[in-house]
There are 2 protein chains.
Amino acid sequence: MTTPTGKVICDITISADGYSAGLDQTEERPFGDDGGDGSGAGLHAWMFDTPDENRAEIDRLNTAGAFIMGRNMFGPVRGAWDRRWNGWWGGDPPFHAPVFVLTHHAREPQPMDGGTTYHFVTDGIVSALDMARTAAGGGDVTVLGGATTINQYLAAGLIHELRLHIAPLTLGAGTRLFEGVPPLELEQLTARAASRVTHVTYRVST
Amino acid sequence: MTTPTGKVICDITISADGYSAGLDQTEERPFGDDGGDGSGAGLHAWMFDTPDENRAEIDRLNTAGAFIMGRNMFGPVRGAWDRRWNGWWGGDPPFHAPVFVLTHHAREPQPMDGGTTYHFVTDGIVSALDMARTAAGGGDVTVLGGATTINQYLAAGLIHELRLHIAPLTLGAGTRLFEGVPPLELEQLTARAASRVTHVTYRVST
Ligand SMILES: NC(=O)c1ccc[n+]([C@@H]2O[C@H](COP(=O)([O-])OP(=O)(O)OC[C@H]3O[C@@H](n4cnc5c(N)ncnc54)[C@H](OP(=O)(O)O)[C@@H]3O)[C@@H](O)[C@H]2O)c1
Ligand SMILES: NC(=O)c1ccc[n+]([C@@H]2O[C@H](COP(=O)([O-])OP(=O)(O)OC[C@H]3O[C@@H](n4cnc5c(N)ncnc54)[C@H](OP(=O)(O)O)[C@@H]3O)[C@@H](O)[C@H]2O)c1
């Protein structure tokens, strides 16, 4: 791997059994069978119900110079882009930076307010990372999810730092972080407990 | 579930991807493909390399009034008991209490020094728990592992408290805690980071 200026970070909330989303995601239930109403509320209770306790971790989420996500995280559209869909985050998304969306279905870039532009990348994870690194300048690149996307980057040895937020529930099924990823040596950098979540940051040996 | 006097606790070390042992366990490699020499040294570095930092968690491990474990944790013998095997823990095991070993292969109880007796239970997890509860008097019962055994107790709603020690490595394959267990609501009771492990204790809603 070439010496990076910024880091490639993965930041994701998982259940105690390692899932970042349940099965059967739909527009009404973006997190699928998540043990609740499909909104991911259980997984993300730490963000929405106890934001003050977790301010540092929440603020850190969106500070990268560029972002990468999978198409299923971006939205519920599958197959061809047969309808207008500009992400879950409204007209002024919290990213304020380029977001590279992995997909097999080409689409023109979609500029939004506040500095966010969605770019759709059809030639794979390395290409998306190259573009994100360039866009980030010397800044960090954050891979936001879902697990399908993160696992590809982990398997390719392209993640430097893994920021996990472990929520107090299990899902039993869904898309699982680390699924199919070969063994990794991790170094535990920090770990911190709040009332409804345990935050753990690992350095990944690549 | 009847009102218990003591608690039923599960205490286990897992990798960041949820495995408590690798594949292909043998006598020479009791933890199988664990990313190292098969001794579980990577998973248990927190116990063996940094015991002072983790004194409370180590001491708490063996304080129950009775223990339950699966036959694969007890040793490498599979099928009939065709040779003498009295556990990995020598003549004076650290349990100092009855240990109920789940197996399909009947065997007479095996008394050891220091108060440990291994009892071999062939009629299932509920029977083993009943006997362990009786043996523990008002004390706690700890289910020590492996994951195959713990998962059965979790699926049956028989565990009150889950004490996890999350080690900084991933195994990629093996026996996984929570595998096949239906969704659980957990309450995070405590979480504490040491330098090479994150300890998290959950109350399980049953
Ligand atoms: N817990 C959290 O913090 C968190 C974070 C993020 C997301 N989530 C949840 O996770 C779920 C989505 O995760 P997921 O794992 O199912 O999917 P995902 O990683 O978001 O997206 C997977 C999709 O992205 C496209 N894709 C991925 N890699 C590609 C590649 N190398 N080349 C081309 N296209 C590629 C493919 O879509 P096409 O083939 O259709 O183009 C693929 O089906 C959602 O429920 C979301 O809400 C949770
Ligand atoms: N990381 C940790 O803290 C930790 C803790 C404990 C163990 N371990 C490791 O985990 C591995 C063992 O775990 P494991 O999940 O493979 O197996 P396990 O749970 O220790 O043992 C499974 C075996 O126990 C017997 N058994 C289990 N449930 C039974 C039931 N309801 N009725 C009758 N027999 C039953 C069966 O043996 P038979 O059919 O052969 O009789 C079964 O194959 C070992 O490598 C051990 O070193 C790690």
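Residues numbered from 1 in each chain as written. Chains lettered and ligands numbered in written order. Predicted model: local features only at pLDDT ≥ 70, side-chain atom pairs only at ≥ 80, totals over all residues. Heavy atoms only, no water.

The next subject is the environment of A:Leu177. All names here are of chain A. For leucine 177, the location among the structural elements is in the loop between β9 (175-176) and β10 (186-194). Put simply, leucine 177 and isoleucine 12 are 165 residues apart on the chain and 9.0 Å apart in space, counted from C-alpha to C-alpha. Among all residues touching leucine 177, those that are not within four sequence positions of it are Ile12, Ile14, Gly18, Ala147, Ile150, Asn151, Leu154 and Leu164. (Helix = DSSP H or I, 4+ residues; strand = E, 2+ residues; numbered from the N terminus. Contact = heavy atoms within 4.5 Å.)

Turning our attention to the side chain of B:Asp34. Residues and elements named next belong to chain B. Take aspartate 34: it is sitting in the loop between β2 (19-21) and α1 (45-48). Buried charge aspartate 34 goes without a salt bridge, the closest partner of opposite sign being arginine 29 at 4.7 Å. Separated by 2.8 Å, the side chain of aspartate 34 and the backbone nitrogen of glycine 36 make a polar contact. Looking at aspartate 34, its side chain comes within polar contact range of the main-chain nitrogen of glycine 38, at 2.9 Å. For aspartate 34, the residues in contact, after removing those within four places along its chain, are Arg29, Ser39, Gly40, Ala41, Leu169 and Leu171. (Buried < 20%, exposed > 50% of the residue type's maximum accessible area, 1.4 Å probe, protein only. Lys, Arg positive; Asp, Glu negative; His and termini not counted. Salt bridge = Lys/Arg side-chain N within 4 Å of Asp/Glu carboxyl O. Polar contact = N/O pair within 3.5 Å; in protein donor to acceptor, adjacent residues only side chain to side chain.)

This next bit is on helix α5 (residues 147-155) of chain A. Every buried residue belonging to α5(A) is among A:Ala147, A:Thr149, A:Ile150, A:Asn151, A:Tyr153 and A:Leu154, and all of these are buried. Where α5(A) ends, the next residue or the one after it, A:Gly157, has phi of about 70°, a positive value.

All names here are of chain B. Scanning the entire structure with this criterion turns up 20 salt bridges over all chains. For the salt bridge of glutamate 161 with lysine 7, the shortest nitrogen-to-oxygen distance reads 2.9 Å. Placement of glutamate 161 in strand β8 (residues 161-167) and of lysine 7 in the segment before β1 (8-15) is noted, with a sequence separation of 154 residues between them. The buried category is assigned to glutamate 161, whose relative accessible area is 8%. The salt bridge involving arginine 196 is made with aspartate 49; its shortest N-O contact spans 3.2 Å. Of this pair, arginine 196 sits in the loop between β10 (186-194) and β11 (197-204) while aspartate 49 sits in the loop between α1 and α2 (55-61), and the two are 147 residues apart along the sequence. When its relative accessible area of 37% is taken as the criterion, arginine 196 is described as partly exposed.

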